[in-house]
Amino acid sequence: KAGTYTAASATSCDACKAGTADLDKNPSTPCSQCQVGYYAAAGATTCSICPAGFIDRDGDPSTPCNANAHKCPAGHYAPAGSTKCTLCKTGTADTDGNPATPCKVCASGTYSMAGTTTCRACVAGTADVDANPATPCQVCKAGQYSSAGVTNCTTCAAGEFRSEEHTSELQS
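Remember, predicted model here, so these are calculated numbers, not experimental data. (Residues numbered from 1 in each chain as written. Predicted model: local features only at pLDDT ≥ 70, side-chain atom pairs only at ≥ 80, totals over all residues. Heavy atoms only, no water.)

Colleague: How should I be thinking about the state of the cysteines in this particular structure?
Modeller: Two cysteines, two sulfur atoms, one covalent bond between them: this is a disulfide. Here the structure, examined in full by the defined rule, presents eight disulfides. Between the sulfur atoms of Cys 72 and its disulfide partner Cys 85 the distance amounts to 2.1 Å. The chirality of the disulfide connecting Cys 72 with Cys 85 is left-handed, given an S-S dihedral of about -90°. With Cys 72 in the loop between strand E6 (48-49) and strand E7 (76-77) and Cys 85 in the loop between E7 and strand E8 (86-87), the pair connects residues that are 13 residues apart, well separated along the chain. Residue classification places Cys 72 among the buried positions, given a relative accessible area of 4%. Classification of Cys 85 as partly exposed rests on a relative accessible area of 21%. With a sulfur-sulfur separation of 2.0 Å, Cys 88 is cross-linked through a disulfide to Cys 103. A torsion of -75° about the S-S bond marks the disulfide between Cys 88 and Cys 103 as left-handed. A residue pair is termed long-range when its members are at least 10 positions apart, and Cys 88 in the loop between E8 and strand E9 (92-93) and Cys 103 in the loop between E9 and strand E10 (104-105) qualify at 15 residues. In this model Cys 156 remains outside any disulfide bridge; the closest cysteine sulfur is found in Cys 140, 9.1 Å from its own. The buried category is assigned to Cys 156, whose relative accessible area is 12%. (Disulfide = S-S within 2.5 Å. Helix = DSSP H or I, 4+ residues; strand = E, 2+ residues; numbered from the N terminus. Buried < 20%, exposed > 50% of the residue type's maximum accessible area, 1.4 Å probe, protein only.)

Colleague: What exactly am I supposed to notice about the side chain of Ser 146 here?
Modeller: Tracing the backbone shows Ser 146 in the loop between strand E15 (144-145) and strand E16 (154-155). Here the side chain of Ser 146 touches Gly 125 through a polar contact of 3.0 Å, landing on its backbone nitrogen. (Polar contact = N/O pair within 3.5 Å; in protein donor to acceptor, adjacent residues only side chain to side chain.)

Colleague: Is there a simple way to think about the environment of Cys 47 in this case?
Modeller: Along the chain, Cys 47 falls in the loop between strand E5 (38-39) and E6. Each C-alpha atom of the pair Cys 47 and Gln 35 lies 8.0 Å from the other, and the pair is twelve residues apart in sequence. Setting aside residues up to four positions removed in sequence, Cys 47 forms contacts with Ala 21, Leu 23, Cys 34, Tyr 38, Tyr 39 and Ala 40. (Contact = heavy atoms within 4.5 Å.)

Colleague: Before we go on, may I ask you to explain unusual backbone geometry in this structure?
Modeller: Among all residues except glycine, the phi angle is most often negative; among peptide bonds, the trans geometry is most common. In the Ramachandran plot, Lys 25 falls in the positive-phi region, its phi being about 55° despite a non-glycine side chain. A relative accessible area of 48% places Lys 25 in the partly exposed class.

Next comes the structure, spelled out in structure tokens:
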């Protein structure tokens with residue numbers, strides 16, 4: 001029977017142990033050991049890959065890897081078969097809060113720290129001057145201003161000035 005194995009001169013079949021599988025479905029050949037990042041219950045005929053968003057914490061294919069204890073937190077990503085949760089890098093964010101989907105690159109004019117779930121727009125009076133969401137927004141220099149979420153600061157016209165840092169308001 002598939003999912004079982006019998007040794008030579010045995011009188012009965014034994015189910016493949018958890019962590020192994022009868023991959024060729026031939027009871028006269030030994031059960032195969034599943035790889036780390038996979039799971040197989042006793043009597044299995046396949047090794048099931050740990051689903052995306054979950055990790056094989058203990059590296060033991062005889063223990064399931066799809067329970068909440070194995071789920072990665074928001075701000076991380078784990079493709080199927082993973083043994084560790086990967087933190088979203090600076091400049092990327094887990095915008096859907098789902099560790100089964102890859103972290104998304106933030107747009108220019110925004111910034112995100114590692115492990116976040118949102119890309120934050122540069123506030124008024126700052127700009128993403130290098131258009132790189134992995135570097136912090138820069139404060140506009142004296143005599144310049146900006147609105148929120150932009151990649152450059154604008155020079156004040158003659159006779160105008162910016163009265164405070166982090167503002168887009170000009171005064172005459």
